[in-house]
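If you want the building blocks of each chain, they are given just below.
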Amino acid sequence: MSRFFSEKYSSLVPYTPGEQPKDMKYIKLNTNESPFPPSEKAISAASEAIKILNLYSDPESRMLTEKVAAYYGLDYENVLMTNGSDEILYFAFTAFCDKNTPAVFPDITYGFYPVYSEFLNIPYREIPLKEDFTINVNDYLNANGTVFIANPNAPTGEALFVNDIRRIVEANPDNVVVIDEAYIDFGGESCVPLVKEYDNLLVTQTFSKSRSLAGARLGMGMASKGLIQDLNTVKYSVNPYNVNRMTSAAGYGAMSDDEYTKKNCRYIEECREYTSAKLKELGFEMTDSKANFIFAKHPRADGKEIYLKLKEKGILIRHFDKERICQYNRITVGTKEQMDALINALTGILEELK
Ligand SMILES: *Cc1c(COP(=O)(O)O)cnc(C)c1O
């Protein structure tokens, strides 16, 4: 830390992104990226956009916003595009939380929620997941704060039904409920249709996982016109050109190639079930994931040890030191070939540990 760093940030513990080591070529199963390249339509649209990078991007990403609104049957004013969904979440913490309106979220969830709360000096309440890592819906009725729920949750992959979310939204009429649907396309049930019914629901999604555009940084929020207006007030106070031309074009291309997205998601779902069955044969226990990752532990092997031994063998998965989940690892579902390599490596590791 330099002597110039603002005192109010001196004790901040920033978010730790998944590691991207360059010492060798790894099978990367640690950041929930898609193993598939972007859609051809995304690639060609972005390539065209590069040619006019001398001009600022459209601050509204109008074409893309219209496309997304039409896709979900919403109005233009219900949608806001952002620089990754991390940005819409940041806008939401900024717009809808303060010292009298704490953030409320599970104890085990996306690591950015507590980081944003600390950064913005917002009080927050962490509600423990049940023993089996599912959310107890009753804990979120009358939450007395802004609720943030990742659905499916990360890193557990456990999903709520739309009716559970409806109950939470209805039981918090004077607070905003944010549903982070980063992983919704891998078998969960989206609550975007509820946006037309409730003025206090914000649904966020990303192009990083199901749409193969993690490096483009594109996310979005869908909500009542009032909430989107508030989020726009924050956006235009921070970064009006938040989505660059190439990314906006790539997003439009991806939305125009929904068949490709759907096909890839079905592949990942099948591969998740295939891998889960194999892991079970090896004695692993796992949550019921509806996401593009598996959350697993082994009764005879330490979580961190598995992670380290896999890394030695050139396979990266995500381990969290957090006490409640330190025996677990989060494994991104990749191609069947990658999963077979994983299963082989794990078989060897378990042999060694015997
Ligand atoms: C990956 C992820 C995001 C953010 O993704 P972006 O790349 O910023 O769009 C948000 N929430 C959860 C739960 C995630 O796992």
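Further up the page is the structure itself.
This write-up is about the structure you can find in this document.

The rules we used
- Here the residue index of a chain counts from 1 through its sequence in written order.
- With the structure being a predicted model, the display of local features is reserved for residues of pLDDT at least 70 and the display and counting of side-chain atom pairs for 80 or more, all residues being used for whole-chain, interface and lining totals.
- Hydrogens and water are ignored here; the side-chain numbers use all heavy atoms of the structure.
- Helix and strand definitions follow DSSP, with helices as H or I runs of at least four residues and strands as E runs of at least two, each counted in order from the N terminus.
- Only C-alpha atoms enter the radius of gyration, while the globule expectation follows 2.2 Å times N to the 0.38, with N the number of residues.
- Between buried and exposed lies partly exposed: a residue is buried under 20% and exposed over 50% of the maximum accessible area for its type, with that area taken using a 1.4 Å probe on protein chains only.
- We define a salt bridge as a side-chain nitrogen of Lys or Arg found within 4 Å of a carboxyl oxygen belonging to Asp or Glu.
- The rule for pairing is simple: two strands pair if DSSP sees at least two bridges between them.
- Orient the strands so they point away from the viewer; a crossover is then right-handed if the path from the first strand over the helix to the second runs clockwise.
- Any N or O atom pair separated by 3.5 Å or less is treated as a polar contact, with the protein-specific requirement of one donor-capable and one acceptor-capable atom, and with residues adjacent in sequence counted only for side-chain atom pairs.
- Contacts: residue pairs with any heavy atoms within 4.5 Å of one another.
- We call a residue near a molecule or strand whenever a single non-hydrogen atom of that residue lies within 4 Å of it.
- Each accessible area value is a Shrake-Rupley result obtained with a 1.4 Å probe; residue values ignore everything except the protein chains displayed when judging cover.
- Only Asp, Glu, Lys and Arg are considered charged in this grouping, and only Ala, Val, Leu, Ile, Met, Phe, Trp, Tyr, Cys and Pro are considered nonpolar; every other residue, Gly among them, is considered polar.
- Each axis is a line fitted through C-alpha atoms, taken for helices only over the stretch in contact, and angles between the N-to-C directions span 0 to 180 degrees.
- Angles are sorted into four bins: roughly parallel if under 35 degrees, roughly antiparallel if over 145, roughly perpendicular if 65 to 115, and oblique for all others.

1. Brief notes about the overall build of the chain
When helices and strands are counted, the chain shows 10 helices and 13 strands. For the chain, the C-alpha radius of gyration of 20 Å lies close to 20 Å, the compact-globule estimate for 354 residues. Each principal axis of the C-alpha distribution contributes one length, and for the chain these read about 60 × 50 × 50 Å. Across the 354 residues of the chain, 53% fall into the buried class.

2. Topic: the pattern of salt bridges
By the definition in use, this model includes 18 salt bridges. Salt-bridge contacts for Arg-62 lead to Glu-60; the nearest nitrogen and oxygen are separated by 3.0 Å. Given the relative accessible area of 39%, Arg-62 is considered partly exposed. Across the pair Asp-340 and Lys-336 runs a salt bridge, and its minimum N-O distance is 3.4 Å.

3. Things to note about the pairing of strand β6 (residues 177–180)
On β6, burial covers both faces: Val-177 and Ile-179 on one face and Val-178 and Asp-180 on the other are all buried. Judged from the four bridges that link them, strand β5 (residues 146–150) and β6 form a sheet pairing that is parallel. Bridged to Val-147 within β6 is Val-177. At this point the chain moves from β5, through helix α5 (residues 162–170), to the parallel β6, and the crossover so formed is right-handed. The pairing of β6 with strand β7 (residues 201–206) spans four bridges and is classified as parallel. Paired with Val-178 across the bridge in β7 is Leu-202.

4. Focus on the pairing of strand β4 (residues 124–127)
Looking at chain direction, strand β3 (residues 103–106) and β4 are connected through four bridges and run parallel. Within β4, the residue paired with Ala-103 across the bridge is Tyr-124. Each parallel crossover has a hand, and for β3 linked through helix α4 (residues 112–119) to β4 it is right-handed.

5. Overview of the side chain of Glu-269
Tracing the sequence through the fold places Glu-269 in helix α8 (residues 258–281). Residue class for Glu-269 comes out buried when judged on its relative accessible area of 17%. Among the polar contacts made by the side chain of Glu-269, one reaches the side chain of Arg-266 at a distance of 2.6 Å. Setting aside residues up to four positions removed in sequence, Glu-269 forms contacts with Asp-185, Phe-186 and Gly-187.

6. Observations regarding the environment of Tyr-183
Mapped onto the fold, Tyr-183 is located in the loop between β6 and β7. Separated by 24 residues in sequence, Tyr-183 and Phe-207 place their C-alpha atoms 10.0 Å apart. With sequence-adjacent residues up to four places away left out, Tyr-183 is seen in contact with Asn-32, Pro-152, Ala-154, Lys-209, Lys-290, Ala-291, Asn-292 and Phe-293. Here Lys-209 takes part through its side chain, which lies 3.4 Å from a polar atom of the side chain of Tyr-183.

7. With respect to the site of the ligand
Residues in contact with the ligand, as listed here, are Gly-84, Ser-85, Asp-86, Tyr-110, Asp-180, Ala-182, Tyr-183, Thr-206, Ser-208, Lys-209 and Arg-217. A distance of 2.6 Å is found between an oxygen atom of the ligand and a backbone nitrogen or oxygen belonging to Ser-85. Protein chains shield 92% of the accessible area of the ligand, which is 380 Å² for the free molecule. Tallying contributions element by element places helix α3 (residues 84–96) first for the shell around the ligand, with three residues. In terms of residue class, the shell around the ligand is made up of three nonpolar, four polar and four charged.

8. Thoughts on the sheet that holds strand β2 (residues 79–82)
A sheet is described by the order of its strands in space; here seven strands give the open sequence β2-β8-β7-β6-β5-β3-β4, paired in mixed fashion. Two strands in the sheet have a free side with no partner beyond their single neighbour: β2 and β4. For this sheet, the mean angle separating the axes of adjacent strands, direction not counted, is 20°. Along the sheet, α3 makes contact with β2, β3, β5, β6, β7 and β8 (219–223), crossing β2 at roughly 120°. Here α4 sits on the sheet in contact with β3, β4, β5 and β6, set at roughly 160° to β3.

9. Quick look at the side chain of Ser-210
With respect to the secondary-structure elements, Ser-210 resides in the loop between β7 and β8. Within the local environment of Ser-210, its side chain forms a polar contact with the side chain of Asp-185, the two groups lying 2.6 Å apart.

10. Focus: the packing of α3 against helix α6 (residues 225–238)
Axis separation between α3 and α6 bottoms out at 9 Å; the angle between their running directions is 100°. In terms of axis orientation, α3 runs roughly perpendicular to α6. Where α3 abuts α6, its residues Ile-88, Phe-91, Ala-92, Thr-94, Ala-95 and Phe-96 lie against Leu-227, Asp-230, Leu-231, Val-234 and Lys-235. Split into classes, the residues belonging to the contact of α3 with α6 amount to eight nonpolar, one polar and two charged.

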